[in-house]
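Coordinates in review
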Amino acid sequence: MSTRGAAQVAVLIALTSLAAPLTLRAQRGSSTAPRPLAFFIATQGAAPPAPADPSRIGTLNQKITVEFDGIPVRDALRKIASLAGMRFVYAGDVVDDDHIVHLKSRDITVAAALAEALLYESASVVLRSDGEAVLVPAGVAFVRHDTASTARGTVVDAEGKPVSGAEVYVTTSGRSGRTDASGRYSVGALIDGPTRLRARMPGWVPVDTAITLDARATTTIDFVLARRSAPLDTVRVSADACSQWTFDGFDCRRRVGVGVFRDEREISARPPIYFADLFDGVAGVRRVLQRLDVGVQATTQWRCIAYLENGRRPLWKNELQMNFRDVTAIEYYDAPEKIPQWYKNEAWRGKEPCSLAVLWLRGAEESGR
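Residues numbered from 1 in each chain as written. Predicted model: local features only at pLDDT ≥ 70, side-chain atom pairs only at ≥ 80, totals over all residues. Heavy atoms only, no water.

Inspection of the secondary structure assignment puts Thr109 in strand β5 (residues 100–109). Between the C-alpha atom of Thr109 and that of Ser55, which follows or precedes it by 54 residues, the distance is 8.9 Å. Of the polar contacts made by the side chain of Thr109, one reaches the backbone nitrogen of Ala112; its length is 3.1 Å. (Helix = DSSP H or I, 4+ residues; strand = E, 2+ residues; numbered from the N terminus. Polar contact = N/O pair within 3.5 Å; in protein donor to acceptor, adjacent residues only side chain to side chain.)

This part is about the sheet that holds strand β10 (residues 176–178). If you walk across this open sheet you meet the four strands as β10-β9-β12-β14, and the pairing is antiparallel. Lying at the two open borders of the sheet, with one neighbouring strand each, are β10 and β14 (207–213). Strand-to-strand twist across the sheet, computed as the mean angle between neighbouring axes with direction ignored, equals 20 degrees. Looking at chain direction, strand β9 (residues 167–170) and β10 are connected through three bridges and run antiparallel. Residue pairing for β10: Tyr169 is matched across the bridge by Ser176. (Pairing = 2+ DSSP bridges. Axes fitted to C-alpha atoms, helices over the stretch in contact; angles between N-to-C directions.)

Let us look at the pattern of salt bridges. As enumerated under the stated definition, the model contains 18 salt bridges in all. The shortest N-O distance in the salt bridge between Glu167 and Arg362 comes to 2.9 Å. Remark: Arg362 occurs in the segment after β24 (355–361) and Glu167 occurs in strand β9; sequence separation between them is 195 residues. No difference in accessibility class separates Glu167 from Arg362, as the two residues are buried. Between Arg313 and Glu346 there is a salt bridge; the shortest N-O distance is 2.8 Å. Taken together, the residues Arg313 in the loop between β20 (305–309) and β21 (327–333) and Glu346 in the loop between β21 and β22 (348–349) connect sequence positions 33 residues apart. Residue classification places Glu346 among the partly exposed positions, given a relative accessible area of 23%. Connected through salt bridges with shared partners, the residues Glu167, Arg178, Arg200, Glu264, Asp326 and Arg362 form a single ionic network. (Salt bridge = Lys/Arg side-chain N within 4 Å of Asp/Glu carboxyl O. Buried < 20%, exposed > 50% of the residue type's maximum accessible area, 1.4 Å probe, protein only.)

Note on sheets: strands pair through backbone hydrogen bonds, and any given pair is parallel or antiparallel. The four strands are arranged β17-β21-β24-β20 in an open sheet whose pairing can be described as mixed. Sheet topology places β17 (260–262) and β20 at the edges, where each strand pairs with a single neighbour. The mean angle between the axes of side-by-side strands here comes to 15 degrees, regardless of whether they run parallel or antiparallel. With five bridges joining them, β20 and β24 adopt parallel strand pairing. For Ile305, the partnering residue across the bridge sits in β24 and is Ser355.

Given below as structure tokens:
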């Protein structure tokens, strides 16, 4: 990514006053100098965003605990967004979202965590009234903080037949759309510039493509999906042979048939209002009231549920800290003998194992290729 000039108006973050000491920092090539992160508030009309002091903004000043041990900045942003109740939107040329972040801290402010994750990026943060945080190039006139672009098109199979219910999402914003009976989709409120679109559906090979969205315009992109190769009936598939950290493992274990599985079509058929709605009708799970939400509790084992996020132990300590609207699929195991070998150790809490829920979130790696 090219190095841009310093922000015209910058609000510097005093990390020593905003955060607990960091044990690790975001890292990148030594040729790129670190930049202070500037925050702005989007204003009404054509006026440019106004500089903002992050210590005076509740969302940015709240304390979170992060442990990013060598993850891409796109994943770091998604995890910060989940903990802070935000959504980040950016174009592909603003942030090098493949660069690796190393950051570990307890009780760090959201602003300081962002400053560390974006330490070597030439970007500023514009906060909008709708809760979105738009990452824009530092030093520009802020003409691109308006999310007024749209992506639309069709999803068909190899024979040209429409694929209904497929998800098409924009990787730099998390926004998505679902195809209708004619295979058509539309995703709006996007920021212009380079980004990636991904079309996927359980049982089909996902397709990822790079595009550039025009400002305040509609860009059309069509997808052709191919079905995954089905296992032969004479071959016995073991859940332990399935991928543990990628989404194709979900499809693989579902074919084995041990456990309860719900894909995004099944979840979106009854749009969840509370976290517990993801598990409605799942045997061995009951709803429990919690502050500001409704959670779940197991009715088997020790009545506890251990959670994994995309096959790994999550950073959040309580499932209500994550944005359940980003969940695209779930798998649930109510007994130790049903849990795949890869995950058995993760289900232990105390002296006895809990039930296990694996939550697959938007942006999970599709396959182990």
